[in-house]
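# Overview (structure and organization)
Here is how the chains run, residue by residue.
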Amino acid sequence: MPKHLPLSLLLLRIGIFIVFLFWTLDKIFHPDHAANVFSKFYGLEAMGETIFIAIGVAQLILILMFAVGLFKTWTYGAILLLHAMSTFSTFGLYLTPFDNLLFFAAWPMLAACIALFLMRDWDTLSLGKKTSPTLS
């Protein structure tokens, strides 16, 4: 294994966690904002604030497990799926790129989520189960 690969994967995981942490805290502390986002990008309306707080708490548990590297296949996969849904649900905004430049940050993060998921067996600076990755 390359010497710096585990550290690189840990840094990817921490970076992804930081973004998800603030998205999660937004759901818990600003459920009205989360409701507007869900309405605009996912077409989900008339969901009460309590639902967003519950989603935020569940997401907080997920991202904490992700941050420490537990259940890598499931937590890394869930993070990848959630971020992919977020990225693709805003696809229309990419059609007017200069009006929505900030949304383009989603693409490198999506690439980071994919890379981390694919290399999860080499992400050894974690509390998760240690595996013996093989090159294939």
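In what follows, the structure referred to is the one given above.
Bear in mind the structure is a predicted one, so any value in this text is a computation, not a measurement.

We now examine the nonpolar core. Formed by 19 residues in total, the largest nonpolar core has its most connected members in Ile16, Phe20, Ile63, Phe66, Ile79, Cys113 and Leu116. Elements represented by at least two residues in this core include exactly helix 1 (5–29), helix 3 (49–68), helix 4 (72–89) and helix 5 (106–118). Per-element tally for this core: the top contributor is helix 1, with 6 residues. Not counting residues within four places of it along the chain, the set of residues in contact with Ile63 comprises Phe17, Phe20, Leu21, Thr24 and Ile79.

Okay, the pattern of salt bridges next. What the rule picks out here adds up to 1 salt bridge. Of the charged contacts in the structure, one is a salt bridge between Arg13 and Asp123, with a shortest N-O distance of 2.9 Å. With Arg13 in helix 1 and Asp123 in the segment after helix 5, the pair connects residues that are 110 residues apart, well separated along the chain. We classify Asp123 as buried; its relative accessible area is 0%.

Judged by side-chain polarity, Leu7, Leu11, Ile14, Ile18, Phe22 and Leu125 come together as a nonpolar surface patch covering roughly 550 Å² of accessible area. With respect to the secondary-structure elements, Ile18 resides in helix 1.

Across its 13 residues, helix 5 extends 18 Å between first and last C-alpha, which sits within 8% of the 18 Å expected from 1.5 Å per residue. Where helix 5 is concerned, the buried positions are Ala106, Met109, Leu110, Ala112, Cys113 and Leu116. Burial along helix 5 is one-sided: seen end-on, the buried residues are contained in an arc of 160 degrees. Helix 5 presents Pro108 and Leu118 as exposed residues on the side facing more than 90 degrees away from its buried surface.

Time to look at the packing of helix 1 against helix 5. The contact between helix 1 and helix 5 brings their axes to 10 Å, and the two run at 130 degrees. Taken together, the axis directions place helix 1 and helix 5 in an arrangement best described as oblique. For the crossing formed where helix 1 meets helix 5, the hand is left-handed. Along the contact surface, helix 1 presents Leu9, Leu12, Arg13, Ile16, Val19, Phe20 and Trp23, while helix 5 presents Met109, Ala112, Cys113 and Leu116.

What counts and how
- Residues numbered from 1 in each chain as written.
- Predicted model: local features only at pLDDT ≥ 70, side-chain atom pairs only at ≥ 80, totals over all residues.
- Heavy atoms only, no water.
- Core = buried A, V, L, I, M, F, W, Y, C linked by side-chain atoms within 4.5 Å.
- Buried < 20%, exposed > 50% of the residue type's maximum accessible area, 1.4 Å probe, protein only.
- Helix = DSSP H or I, 4+ residues; strand = E, 2+ residues; numbered from the N terminus.
- Contact = heavy atoms within 4.5 Å.
- Salt bridge = Lys/Arg side-chain N within 4 Å of Asp/Glu carboxyl O.
- Patch = residues over 30% accessible without salt bridge, like charges linked within 9 Å, V, L, I, M, F, W, Y side chains within 5 Å.
- Areas by Shrake-Rupley, 256 points an atom, 1.4 Å probe, with all protein chains shown as cover.
- Expected span 1.5 Å × (residues − 1).
- Arc of directions from axis to C-beta.
- Axes fitted to C-alpha atoms, helices over the stretch in contact; angles between N-to-C directions.
- Parallel < 35°, antiparallel > 145°, perpendicular 65-115°, else oblique.
- Left-handed = near helix turned anticlockwise from the far one by under 90°.

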